[in-house]
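Secondary and tertiary structure notes
Residues per chain are reported as follows:
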Amino acid sequence: MDVDKVFHMRGGVGETSYSRNSSLQKKASDMVKHIILETVEEVYLATKPKSIGIADLGCSSGPNTLSNLKDMLDKIESSSRNKLKQQAPEFRVFLNDLPTNDFNAIFQALPNFHQLLKQKRKNDENGGTSNIYIAAYPGSFYGRLFPDHCLHFIYSSYSLHWLSKVPPGLYDEQGNSLNKNSIYISEHSPSGVSKAYFDQFEEDFSLFLHSRSDELVSRGKMVLILLGREGFNHVDRGNAFFWKILYQALTNLISKGEVEKEKLESYDVHFYAPCKEEIEAAVKVNGCFEVERLETFEIEKTTAKGMSYGTTVAMTVRSIQESMVAHHFGEAIVEDLFQEYGRLVDEEMAKEEIRPITFLLVLRKP
C-alpha cells in the first residue's frame with residue numbers, strides 16, 4: 001500500500017470529518033500551548049529575523065491549524081512590540097501534509113483568518129497587521145521539503161507516530177504478513193514484529209531530523225507532539241490497546257460476513273508509539289539537535305456532544321483511519337466498524353482505564 005497516496009484525514013466539514021472530530025488533539029495542544037509559545041518566542045528573540053519562517057508539518061485540514069498559528073503570530077508580535085521595541089517581522093508560513101490532504105478547507109478559511117487578525121491588530125501601536133504569507137507544501141516530511149536554512153520554527157502535532165510506510169519487515173519473502181493475529185504490536189505478535197516497527201521508526205525519525213536540520217537556521221527549534229508509550233513494553237493499556245480494540249472490532253465483523261478473514265490477516269497499520277528512551281537515543285545518535293524538553297502528559301477523558309467516551313474516540317479514529325480502512329476493506333464496512341469500535345472502547349473502559357500517553361519534544365539546532 002502506498003501510504004502517501006492513500007492516507008489522509010477525512011476532509012470537508014461533515015459529521016465524520018477531521019475538522020469536526022479533532023477536539024482531542026486540540027485539547028492536547030492547549031495543555032502545552034504555553035510551552036509552544038515560549039519556544040517560538042525564544043527563537044524569535046534569539047535570532048531577531050526581519051522575516052521569520054514557520055512550518056506546521058502534518059497540518060491536516062481542521063480549525064486547529066489556524067488557531068495554533070494565530071497564537072504564534074500574536075506571541076511574536078507582542079514580543080517584538082514589548083521586548084524589542086520594534087516592528088514585527090513578516091511571516092512566512094508553510095503548511096505541510098501529504099498530497100491527499102484537504103488543503104482547500106484551509107484555503108477557504110484563510111479570508112476569515114486574515115480578517116480576524118486585521119480586526120485584532122487595528123489598534124496596535126505598530127500600525128496594523130504584519131505581512132503574512134501562507135503557502136501549502138504537500139509532500140512527506142520524511143525527506144526534504146524546504147530550501148536550506150529558511151525556517152526558524154517548526155511545529156508538528158500528532159503526526160510523527162505515523163510511519164512513512166507499513167514496515168516491510170512484517171512480511172515474508174512471499175509477501176505474507178507475519179502478524180496475522182494483530183494489526184499492530186500485541187501479545188499475539190511474533191517477536192520480530194516489534195523490531196520491524198522499531199526499525200522503521202528509527203529510519204523515518206532519523207531522516208526527519210536530518211531533513212529538518214538542513215531547513216532550520218542555527219538556533220532554530222522544533223516542537224513535536226506525538227503519541228508514545230511508557231517503558232519498553234509494547235503491550236499495555238495505552239495507545240497500542242486502541243489498535244487491539246480495532247482488531248477485535250474487525251474480527252467481530254468477520255462473524256457477520258462483512259470482513260474476509262484473509263483481508264484482516266493482511267492488514268497492518270503504519271503506526272509506532274515510541275517510548276521516551278527510544279526518542280532520546282534516536283536524537284542522540286542523529287546528532288543534529290539537542291533535546292531541550294521531553295515531557296509526558298495525558299489528555300483528560302471528556303466526551304463531545306453528549307456522546308460516550310467510546311463514541312468520541314471512535315469518531316476521532318474514524319476521521320483519521322477511514323481512508324486506510326476503506327482502501328483495504330472497502331467503504332461498506334466503515335459505519336458498522338466504528339460503531340462496533342466505539343462500543344468495545346466503552347466496554348473496556350468499564351473494566352479498566354485506558355491510558356494513552358503523549359510526548360512533547362522540544363529540539364534545538366545548535
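Everything below is about the structure shown above.
These lines cover the structure that appears in this document, whether it is placed above or below. Keep in mind it's a predicted model, so treat the numbers as computed, not measured. (Residues numbered from 1 in each chain as written. Predicted model: local features only at pLDDT ≥ 70, side-chain atom pairs only at ≥ 80, totals over all residues. Heavy atoms only, no water.)

Considering the overall build of the protein
If you tally the helices and strands in the protein, you get 11 helices and 7 strands. Taking 366 residues into account, the globule formula puts the C-alpha radius of gyration at 21 Å, and the protein, at 21 Å, falls close to it. Along the first, second and third principal axes, the C-alpha atoms of the protein reach 65 × 45 × 35 Å. Residues counted as buried form 55% of the 366 residues belonging to the protein. Here the protein displays about 15800 Å² of accessible surface, and carbon together with sulfur accounts for 49% of that area. (Helix = DSSP H or I, 4+ residues; strand = E, 2+ residues; numbered from the N terminus. Rg over C-alpha atoms; globule rule 2.2 N^0.38 Å. Buried < 20%, exposed > 50% of the residue type's maximum accessible area, 1.4 Å probe, protein only. Areas by Shrake-Rupley, 256 points an atom, 1.4 Å probe, with all protein chains shown as cover.)

Digging into the packing of helix α7 (residues 239-255) against helix α11 (residues 334-351)
Pairs of packed helices are described in terms of their axes, by the angle between the two and the distance that separates them. Their axes nearest at 9 Å, the elements α7 and α11 cross at an angle of 125 degrees. Comparing the axis directions of α7 and α11 gives the class oblique. The handedness of the crossing between α7 and α11 comes out as right-handed. Counting all contacts with α7, which are made through F241, F242, I245, L246, Q248, A249, L250, N252 and L253, the residues of α11 involved are D336, L337, F338, E340, Y341, R343, L344, V345 and E348. Looking at the contact of α7 with α11 residue by residue, the class counts come to 12 nonpolar, 2 polar and 4 charged. (Axes fitted to C-alpha atoms, helices over the stretch in contact; angles between N-to-C directions. Parallel < 35°, antiparallel > 145°, perpendicular 65-115°, else oblique. Left-handed = near helix turned anticlockwise from the far one by under 90°. Contact = heavy atoms within 4.5 Å. Nonpolar A, V, L, I, M, F, W, Y, C, P; charged D, E, K, R; others polar.)

Observations concerning the nonpolar core
Ranked by size, the top nonpolar core spans 115 residues in total, and within it Y184, F205, F208 and Y341 carry the most contacts. Broken down by element, the residue count for this core peaks at 10 residues, all from α7. Excluding its chain neighbours within four sequence positions, the residues that come into contact with F208 are L57, F141, Y142, L160, M222 and L224. (Core = buried A, V, L, I, M, F, W, Y, C linked by side-chain atoms within 4.5 Å.)

Quick notes on helix α9 (residues 276-286)
Those residues of α9 not exposed but buried are E278, I279, A282, V283 and N286. Buried residues of α9, viewed axially, fall in a sector of 130 degrees; they line one side. Away from its buried face, by an angle of more than 90 degrees, α9 presents the exposed residues K284 and V285. Of the surrounding elements, those touching the buried residues of α9 are α6 (191-215), β5 (216-228), β6 (290-297) and β7 (357-364). Trailing α9 by a residue or two, G287 shows a phi angle of about 80 degrees, which is positive. (Arc of directions from axis to C-beta.)

Examining the packing of aromatic side chains
In this structure the tally under the stated criterion is 17 aromatic pairs. With 5.5 Å between their ring centres and 70 degrees between their planes, W162 and F271 make a pair best called edge-to-face. Of this pair, W162 sits in the loop between β4 (151-157) and α6 while F271 sits in the loop between α8 (261-265) and α9, placing them 109 residues apart in sequence. F271 matches W162 in its accessibility class, with the two residues each being buried. (Phe/Tyr/Trp six-rings, centres within 6.5 Å; stacked < 30°, edge-to-face > 60°.)

Examining empty space enclosed by the protein
Counted under the stated rule, the structure contains 4 cavities of 30 Å³ or more. Secondary-structure elements contributing two or more residues to the lining of the second largest cavity are β1 (51-57), α4 (64-82) and β2 (90-97). Its residues assigned to classes, the lining of the second largest cavity shows 7 nonpolar, 1 polar and 1 charged. (1 Å grid on protein atoms, 1.4 Å probe; cavity = no way out; pocket = protein on both sides within 12 Å on 5 of 7 lines; lining within 4 Å. Points joined across faces, edges and corners; volume = space filled by probe spheres on them.)

Here's the deal with the layout of surface pockets
The computed volume of the largest pocket comes to approximately 190 Å³. Along its surface, the largest pocket is lined by 17 residues, and W243, K244, I245, Y247 and Q248 are the ones closest to its centre. Elements with a minimum of two residues in the lining of the largest pocket: α7 and α11. Here the lining of the largest pocket gets 7 residues from one element, more than from any other, and that element is α7. Along the lines of polarity and charge, the residues of the lining of the largest pocket split into 9 nonpolar, 5 polar and 3 charged.

Things to note about the pattern of salt bridges
This structure, assessed with the given rule, holds 30 salt bridges. A salt bridge links E187 to K244; its shortest N-O distance comes to 2.6 Å. Linking E187 in the loop between β4 and α6 with K244 in helix α7, this pair joins segments that are 57 residues apart in sequence. Judged by relative accessible area, which is 41%, E187 ranks as partly exposed. (Salt bridge = Lys/Arg side-chain N within 4 Å of Asp/Glu carboxyl O.)

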